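So the chains spell out like this:
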Amino acid sequence: MHDVTRCLEDLPSMRYPFPQHDQFIARLPDLMPKIVAAAATGVTKPLDQVRLDLPVVNPGKIIAAPVNYSKHLDEVRDQADLNHGNESHMRHIREIGLFLKANSSLIGPSEAVRIGRPDRRNDHEIELAVVIGKAGKDIEPEEALSYVAGYAIGLDMTVRGPEDRSFRKSLDTYTVLGPWMVTAEELPDPSALDLVLTVNGEMRQKANTRDLVLSVPELIAMASSFYTLHPGDLILTGTPEGVAPVEPGDVMQATIERIGTMTVPVIG
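Rules used throughout
Residues numbered from 1 in each chain as written. Predicted model: local features only at pLDDT ≥ 70, side-chain atom pairs only at ≥ 80, totals over all residues. Heavy atoms only, no water. Pairing = 2+ DSSP bridges. Helix = DSSP H or I, 4+ residues; strand = E, 2+ residues; numbered from the N terminus. Contact = heavy atoms within 4.5 Å. Axes fitted to C-alpha atoms, helices over the stretch in contact; angles between N-to-C directions. Buried < 20%, exposed > 50% of the residue type's maximum accessible area, 1.4 Å probe, protein only. Phe/Tyr/Trp six-rings, centres within 6.5 Å; stacked < 30°, edge-to-face > 60°. Lys NZ or Arg CZ within 6 Å of the ring centre and 35° of its normal. 1 Å grid on protein atoms, 1.4 Å probe; cavity = no way out; pocket = protein on both sides within 12 Å on 5 of 7 lines; lining within 4 Å. Points joined across faces, edges and corners; volume = space filled by probe spheres on them.

### A word on the sheet that holds strand S6 (residues 126-132)
Turning to step 1, where the next piece is worked out: In space, the 7 strands of this open sheet follow the order S2-S1-S12-S6-S7-S9-S3, with mixed pairing throughout. Where the open sheet ends on each side, the last strands, each with one partner, are strand S2 (99-101) and strand S3 (106-107).
Turning to step 2, where the next piece is worked out: Packing against the sheet, helix H7 (residues 216-224) makes contact with strand S1 (62-64), S6, strand S7 (148-156) and strand S12 (234-236), and its axis sits at approximately 60° to S6.

Right under this line is the structure:
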């Protein structure tokens, strides 16, 4: 771990009303040469001696893609405790579109998921998270990846029930982002990444982003066709099959190829 904190001094001072996007992500292209230079001379520490915080602190919005893996859609349709008889839970993403999660649900990789509704089933959902790097509206799919600042692992935790997805997925701590952000030049193609999630060492979810119904560029295009994307906005690209409940005392370990691994405990 290289300390490049002094680069934050180059961020502009802000006064109320504050911008509705992440200033660090917005300035990242200008800061990158200084970050690289600072990393060569700054203080270093072993990774296991630091506490990892959120890689994106102030996203303007968290956008999520429902049932964006075909096999997950199949399991939702087949299991009553997943769909609760709600027709919208069983429809294709091209029909139902995207949804938003509350920013207050966001935590970093060193924190714990706290079960907010112990009277219900609470499920894990591993997802590739996309960090938007610059503002854009009505973005074409072939241009979409140029709007990406980087990628991280996301956990889109959910309470099962008949209510709207946004309501059930926006509890405090129900969006985990980490363990860091891998910048787009380090990961130019997100279309074939392995995803794995285990709980207490047991394999629960395993897939590849090539199985996405809507690819990352298509998701960016869909989102930007309805609202302007801003630096720091997060897009959770959907979870594969294998979603299952977690309880206090469980430990989730989420891994995405070329990004890393984060270990997240579940508490009551």
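### Overview of unusual backbone geometry
Turning to step 1, where the next piece is worked out: Tyr16 connects to Pro17 through a cis peptide bond whose omega is 0°.
Turning to step 2, where the next piece is worked out: Along the chain, Pro17 turns up in the segment before helix H1 (23-26).
Turning to step 3, where the next piece is worked out: Across the junction of Gly178 and Pro179, the peptide omega takes the value -10°, indicating a cis bond.
Turning to step 4, where the next piece is worked out: The topology assignment puts Pro179 in strand S9 (residues 175-183).
Turning to step 5, where the next piece is worked out: The backbone phi angle of Val67 is positive, close to 35°, even though this residue is not glycine.
Turning to step 6, where the next piece is worked out: Following the sequence through the fold, Val67 ends up in the loop between S1 and helix H3 (70-78).
Turning to step 7, where the next piece is worked out: The buried category is assigned to Val67, whose relative accessible area is 7%.

### Re the packing of aromatic side chains
Turning to step 1, where the next piece is worked out: Enumeration according to the criterion identifies 1 aromatic pair in this entry.
Turning to step 2, where the next piece is worked out: A ring pair is formed by Tyr16 and Phe18, whose centres lie 6.1 Å apart and whose planes are at 85°; its orientation type is edge-to-face. Per residue, the accessibility class of Tyr16 equals that of Phe18, and both read exposed.
Turning to step 3, where the next piece is worked out: In this structure, Lys134 is placed above the aromatic ring of Tyr147, and the distance from its NZ or CZ to the ring centre is 4.6 Å.

### Here we look at the sheet that holds strand S13 (residues 251-256)
Backbone-to-backbone hydrogen bonds pair the strands of a sheet. The strands run either parallel or antiparallel.
Turning to step 1, where the next piece is worked out: Spatial ordering of the open sheet is given by S4-S14-S13-S10-S11, a layout of 5 strands whose pairing is mixed. Pairing within the sheet leaves two strands with one partner each, and these edge strands are strand S4 (113-114) and strand S11 (202-208).
Turning to step 2, where the next piece is worked out: Judged from the 6 bridges that link them, strand S10 (residues 194-199) and S11 form a sheet pairing that is antiparallel. Directly across from Leu197, in S11, lies its bridge partner Gln205.

### Considering the layout of surface pockets
Turning to step 1, where the next piece is worked out: In this model, the largest pocket occupies a volume close to 1,400 Å³.
Turning to step 2, where the next piece is worked out: For the largest pocket, the lining is made up of 33 residues, of which Met1, His2, Val4, Phe24 and Trp180 are closest to its centre.
Turning to step 3, where the next piece is worked out: Of all the elements in the fold, those that place two or more residues in the lining of the largest pocket are helix H2 (28-41) and S9.

The values are spatial; any link to function lies outside them.
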